[in-house]
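Listed here are the chains, written in short residue letters.
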Amino acid sequence: MISSARIPLASAIATSLAVVALSGCATSPMGTSAERGEARLADMLAGRTAGEPQSCISGFADNRITVIDETAVVYDAGDTIYVARPDNPRSLDSQDVLVIERTGGQLCKQDFVRTVDRTLGFTTGIVFLGDFVPYR
């Protein structure tokens, strides 16, 4: 004989497992944030060819930077698009603002970059950029 106290527990466990299973199914068709970021980057670079990686880029303007969630920082220089993949791409979120402390007139991979919450202004992460790969 099964105790009536065990039936609600079994029902709660079954419900919890169903919720976990359904939540996994709900996110799989869209992919993870990193997968969506890679797809967005691939669209941006379609038809372009990668050049030699560079540690610094010239002619830097803040309004030409795009952050691709969990993927890369992209700088649009007109005919050339530069892609810098950070050591920890999970720290990139397009909802954050990049604060770049440059040491000169160029943007370099060794410059200090941090992410700041757009609304509250607190630091959400540190980004260590890789080389800038030009795509033409």
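On a predicted model such as this, the values are computed, not experimentally measured, just so you know.

A. Highlighting the environment of T119. Along the chain, T119 falls in the loop between strand 7 (112–117) and strand 8 (123–127). Under the relative-accessibility criterion, T119 is labelled exposed at 71%. Sequence-wise, T119 and D96 are 23 residues apart; in three dimensions their C-alpha atoms are separated by 8.6 Å.

B. Structural view of the sheet that holds strand 4 (residues 81–84). Across the sheet, which stays open at both edges, the four strands sit in the order 2-3-4-9 with antiparallel pairing between neighbours. Looking at the sheet topology across the chains shown, the edges are occupied by strand 2 (65–68) and strand 9 (132–135). Strand-to-strand twist in this sheet, taken as the mean axis angle between neighbours without regard to direction, amounts to 25°. Judged from the four bridges that link them, strand 3 (residues 72–76) and strand 4 form a sheet pairing that is antiparallel. Paired with V74 across the bridge in strand 4 is V83. Docked against the sheet, helix 2 (residues 33–45) engages strand 2, strand 3, strand 4 and strand 9, running at close to 145° with respect to strand 2.

C. Spatial organisation of the sheet that holds strand 7. Read across the sheet, three strands follow the order 5-7-8 without closing on themselves; strand pairing throughout is antiparallel. At either margin of the open sheet sits one strand with a lone partner, and together these are strand 5 (96–101) and strand 8. Mean inter-strand twist for the sheet, computed between neighbouring axes without regard to direction, equals 25°. Direction of pairing for strand 5 relative to strand 7: antiparallel, over a ladder of six bridges. Its bridge partner being in strand 7, L98 is matched across the sheet by T115.

D. Expanded view of the state of the cysteines. Tallied over the full model, the rule gives one disulfide. A disulfide bridge connects C56 with C108, and the sulfur atoms are separated by 2.0 Å. For the disulfide bridge between C56 and C108, the dihedral angle about the S-S bond is near 110°, and by the sign convention the bridge is right-handed. A residue pair is termed long-range when its members are at least 10 positions apart, and C56 in strand 1 (residues 56–57) and C108 in strand 6 (residues 107–108) qualify at 52 residues. Judged by relative accessible area, C108 falls into the buried class, the value being 9%.

Rules of the game
- Residues numbered from 1 in each chain as written.
- Predicted model: local features only at pLDDT ≥ 70, side-chain atom pairs only at ≥ 80, totals over all residues.
- Heavy atoms only, no water.
- Helix = DSSP H or I, 4+ residues; strand = E, 2+ residues; numbered from the N terminus.
- Buried < 20%, exposed > 50% of the residue type's maximum accessible area, 1.4 Å probe, protein only.
- Pairing = 2+ DSSP bridges.
- Axes fitted to C-alpha atoms, helices over the stretch in contact; angles between N-to-C directions.
- Contact = heavy atoms within 4.5 Å.
- Disulfide = S-S within 2.5 Å.

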